[in-house]
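An overview of the molecular structure
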Amino acid sequence: MRASVILAVAVMLAGPAAAPAAGQSWRTEAKARQYRGQEFLDVKITYAVGRFELRKGADHLLYRLDSRYDEDAFDLRSNYLESEGRGSLRIEIDDNDDIDLRDLKDYDYEAGNLTLDLTGAIPLALDLEMGAVEAQLDLGGLKLRRLSLQTGASDTRVSFSEPNREAAEFCTFKAGAASFRVDDLGNSGCRRMQVSGGIGRLTLDFSGDWDHDATGDINVGLGTVQIRVPAELGVRIEKSTFLMSFDAPGFEKQDGGVWLSRNWDTAEHHLTLSVSGVLGGVEVDRI
Amino acid sequence: MLKHVRYTGLLILVLAATVPTEVAGQTAQAVDEIVQTSVALTGDEAILHVELASGRSLQIVLSDGQVLIDGDEAGRYAPGGALESAWRDLLREASLGELGSGWASFFGSEFGNTDAGATQAIRAVLVPLVAGISADAGAEAQAVAAAEIQEAATAQEAAETEAAAASVAAQVEALEGILLDEVIVGGLVVELTQVKGLARQLVRIGLAPELERLLNGDLEMPVRIVIDADEYRLPEGAALDEMLLLVESNGVVAGTIRSNVLVADGTLLILPTARIEGDVIAIDATVTNQGTVEGTIREPRHPAPVVVAPATPRVRMRQRAPSALSRVTSGLGSLAKTVAMYLLFAFMGALIVYFFRGQLETVSDTVSFSFGRSFLAGLAAEVLFLPIGLVMTVLVVTAIAVPFYVIGFGLLSLLGYTAVAHAAGENLTRRRFSWTDRMRRANSYYYVLNGLGVLLALFVGAAITHMAYPLLGWAHDLLIVSAWILTWIAATSGLGAALLSRAGTRRTYARPRELPELPADSLAEEMEPIERRAEARRRAERSDES
């Protein structure tokens, strides 16, 4: 993945100059596997450059992937193993060794794409690693037990349009130099969350159906964090920042860098966030 | 070609009718059910690959005017013609996971004479599969296929077909006789039973540990290697004592394997009756386990890179320690490098003194007067240098300024390091020389040269001790580490001071300008004769008055 990140940065550098290239050799690959009574699916995806879309698919298909990539520059490897009803799906679209970085400026890297539909019928563990990727992930309606999302220089939108049909133990979001937005986190069912951002803007929208309490660690290096929380949710924020502005209208400041929403004692469900960062700003909005 | 098609169709029908359940596997009724559909489309290729519940797979490739079914040419087509177009439409439908949805359109299309043979070949192998998805469409397709075959057959071809059918039936009978043996269709089988010599060679070239780790087993165990086989099948009741390696092959196991199985670039279906007593290792492969695997099913996260260690020479020569002469030479080389570095910095320092003396002195005063603050500021600058550069790079507006940012950072660092040398030289001068000497040596060139000498002295010491490494190795290591730490501290605090003083234009954190310090005793010595003369004059005046 390190090579992917280097490639991602190189592509970002070449980004404004990118233009459709004549020498690209596009390959379309699609795979669909029938759902045959599997009980669990572990999914790991590594995607270097392009557009990525993930969503809930038809329940009779375990998964369906559809990809388009330049076969001169990238390799697609997909592997499916199954044992005792537990499936393991690995998809990797990574740069091959033959790529010439000098040609990157001519790459129409945005034309490459990967679409993955996953079944909503069985529990899933998702592990996603992305380089310079424009990603749209709608994880609503899936049965997510675990989620790990790592991005490089990317523009990522994650949403939980429907409630998660499983209780997710742990959700991790790591964004590099990125614009990163997660909507309807209340639907995610995540009990514990870890969000870290290197450089850029993080937007975390905790809307959704809350039927549980949750905790989260939010860490950002350089950039701004916008946190949107529903008015009915009791929220506690523990702030540990350096050279970061903090703006939380409607919150009451307590001792020790703690901020509490006024309905903390009366709210049915609670969200506890620990926010840390170096340089930038934190905005907390009640919606 | 038509004959071949008919033989193929007939073979399928005969096999379906006569092959006993044991051969067909435990899931006979689901034998044609499609488990996975894979489609690949490029400018000159259109590939369909299906995996079946029975563990079999089928690949149909249209490439450069050729139709290949499981690697064998089954007909030709006109590139860009009607068949290719319909085939690509069918594959686009198949990419949605439903091979049957586009089938009716493909089956109902009319194709030219050029494509007829290839079309029939494709339809013949797909009809049973599609029938499994859509009974109605399948029944219709089978009826039409049968009608086509019947319509096209002449009397002579019919006779050939019957003969072929008889041949197939004979093969099936023979198959029944060897039911408990492996069935290997196509490919190359290599059996290594005497592998001790091979194992010894693997050990010699350093591959043995890697392979042992991967296979979790004994390298001297006999190995059955199946390469590029369309199908490898171990039926129920059969047992294999060797380790099984399936390379670019599709395997179906219903019997017992008493060792490990490695599948590379292929598929393996382990049926419910199967028992594998070792591990199953999959490399770029699909493994479906419905049976019993006593070991583990492993997928090396990345196929282990095979690192070939240098062959171990039979006679090992003990590596000789460097001679005293080479140590002295090496030490002198380090010394020369240090001197060269000193001269380079001295030259650049002199240029800075000549052109920017005021700024240099301000930075120097800042680092002397606010050392801690300067160091922290420099540390922060070093930490933030890369992230800020990255942000500037990502933001299109600031990307153009990145080279200036890097150059500016470098110049500030140079100014800072020179200023630290200046400050060190100035402090040294204050401590070492008397006031009069100090006045004589109080110039920035002298300070910078002296300071650089102080900063690089540890490197000189390290170079000298390197020459006597066996005796003073510990001192050399200590000196070289100390020298680099000192250099880093100097560079960091110098950078910080340069930033705090805005490249030497502000004295906010610098000590206030001082008047030259005049030591009291020296001043007294200077004043004594004057006072004595004045006293003598006053005494003379008093005596005159008296």
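Per-chain numbering applies: the sequence of each chain, read as written, is numbered from 1 onward. Lettering of chains starts at A and numbering of ligands starts at 1, both following the order in which they are written. Residue-level local features of this predicted model are given only where pLDDT is at least 70; pairs of side-chain atoms are given and counted only at 80 or more, and the full residue set underlies all totals for whole chains, interfaces and linings.

Section: the overall build of chain A
As a reminder of what qualifies: Strands are runs of DSSP state E lasting at least 2 residues, helices are runs of H or I lasting at least 4, and numbering of each runs from the N terminus. Counting other C-beta atoms within 10 Å of each residue's C-beta, where C-beta atoms are placed from the backbone, gives the exposure class: buried for 20 or more, exposed for 12 or fewer, partly exposed between. We call two residues in contact when their backbone-placed C-beta atoms lie within 7 Å.
Each helix and strand counted, chain A has 1 helix and 17 strands in total. Across the 287 residues that make up chain A, the buried fraction comes to 45%. For chain A, restricting intrachain contacts to residue pairs at least 6 apart in sequence, the fraction spanning at least 24 positions comes to 63%.

Considerations on the confidence of the model for chain A
Residue and element names in this part refer to chain A. Here is the rule: As a per-residue measure, pLDDT reflects the predictor's confidence and takes values from 0 up to 100.
Averaged over every residue, the pLDDT of chain A is 85; the share at 70 or more is 87%. Highest mean pLDDT in chain A belongs to strand E6 (residues 113-118) (94); lowest belongs to helix H1 (residues 2-14) (45). In the model, residues 1-22 has pLDDT below 50 throughout and makes 46 contacts with residues more than four positions away in sequence or in other chains.

Digging into the pairing of strand E17 (residues 270-286) of chain A
Residues and elements named next belong to chain A. Threshold: Here a strand pair is declared whenever DSSP counts at least two bridges between the two strands.
The sheet contact formed by strand E12 (residues 214-229) and E17 spans 15 bridges and is parallel. Bridge pairing links alanine 214 to leucine 271 in E17. Bridging between strand E13 (residues 234-241) and E17 involves 8 bridges; their strand directions are parallel. Residue pairing in the sheet places arginine 236 in a bridge with threonine 272 of E17. Alignment of strand E14 (residues 244-247) against E17, held across 4 bridges, turns out to be parallel. In the sheet register, serine 245 faces E17, and the bridge partner there is glycine 281.

Regarding the pairing of strand E9 (residues 231-234) of chain B
Residue and element names in this part refer to chain B. Side-chain alternation along E9 places Glu231 and Arg233 on one buried face and Tyr232 and Leu234 on a second face that is also buried. Across 3 bridges, E9 lies against strand E12 (residues 250-253) in parallel orientation. Looking at the pairing, tyrosine 232 lines up with glycine 251 of E12.

Examining the interface of chain B and chain A
Interface size, as often reported, equals the accessible area lost upon joining of the parts. Operational definition: Ten residue types, Ala, Val, Leu, Ile, Met, Phe, Trp, Tyr, Cys and Pro, are classed as nonpolar, four, Asp, Glu, Lys and Arg, as charged, and the remainder, Gly among them, as polar.
Contacts between the two partners involve 27 residues from chain B and, on the opposite side, 28 residues from chain A. With 8 residues, strand E1 (residues 34-41) of chain B is the single largest residue contributor to the side of chain B that touches chain A. Counted by class, the side of chain B that touches chain A contains 15 nonpolar, 10 polar and 2 charged residues. As paired elements, strand E1 (residues 26-34) of chain A and E1 of chain B share 6 bridges and run antiparallel to each other. Paired with alanine 30 of chain A across the bridge in E1 of chain B is valine 39 of chain B.

With respect to the confidence of the model for chain B
Low-pLDDT portions of the prediction should not be read for the details of their coordinates. Residues and elements named next belong to chain B. Model confidence for chain B is summarised by a mean pLDDT of 73, while 66% of its residues fall at 70 or above. Below pLDDT 50 for its whole length, residues 1-31 participates in 59 contacts with residues either more than four positions away or in separate chains. Segment residues 134-141: pLDDT under 50, and 15 contacts once partners within four positions in sequence are set aside and those in other chains are kept.

A short note on the nonpolar core
Residues and elements named next belong to chain B. Using the following cut-off: A set of buried Ala, Val, Leu, Ile, Met, Phe, Trp, Tyr and Cys residues, joined through C-beta atoms within 7 Å, is what we mean by a nonpolar core.
Counting residues in each nonpolar core, the largest one holds 141 residues, and the members touching the most others are Val253, Leu268 and Val280. In this view, leucine 268 contacts Leu246, Gly251, Val253, Val261, Val263, Val280, Ala285 and Val287; residues no more than four positions away in its chain are not counted. Counting residues in hydrophobic clusters, the runner-up holds 31 residues, among them Val353, Leu415, Leu456 and Leu495.

Some details on the sheet that holds strand E19 (residues 292-293) of chain B
The strands that make up a sheet are held in pairs by hydrogen bonds between backbone atoms, and each pair lies either parallel or antiparallel. Residues and elements named next belong to chain B. Across the sheet, which stays open at both edges, the 4 strands sit in the order E10-E13-E16-E19 with parallel pairing between neighbours. Lying at the two open borders of the sheet, with one neighbouring strand each, are strand E10 (239-240) and E19. Direction of pairing for strand E13 (residues 256-257) relative to strand E16 (residues 275-276): parallel, over a ladder of 2 bridges. Following the sheet pairing, threonine 256 is matched in E16 by arginine 275.

Some words on helix H11 (residues 371-394) of chain B
Condition: Every helix has an expected span of 1.5 Å times one less than the residues it contains. The reported bend at a residue is simply the angle between two axes, fitted to the 7 residues ending at it and to the 7 residues beginning with it.
Between its first and last C-alpha atoms H11 of chain B spans 34 Å; for 24 residues at 1.5 Å apiece the expected length is 34 Å, and the two agree. Approximately 40° is the largest bend angle found in H11 of chain B, and it occurs at leucine 384 of chain B, with the proline proline 387 of chain B only one to four residues beyond.

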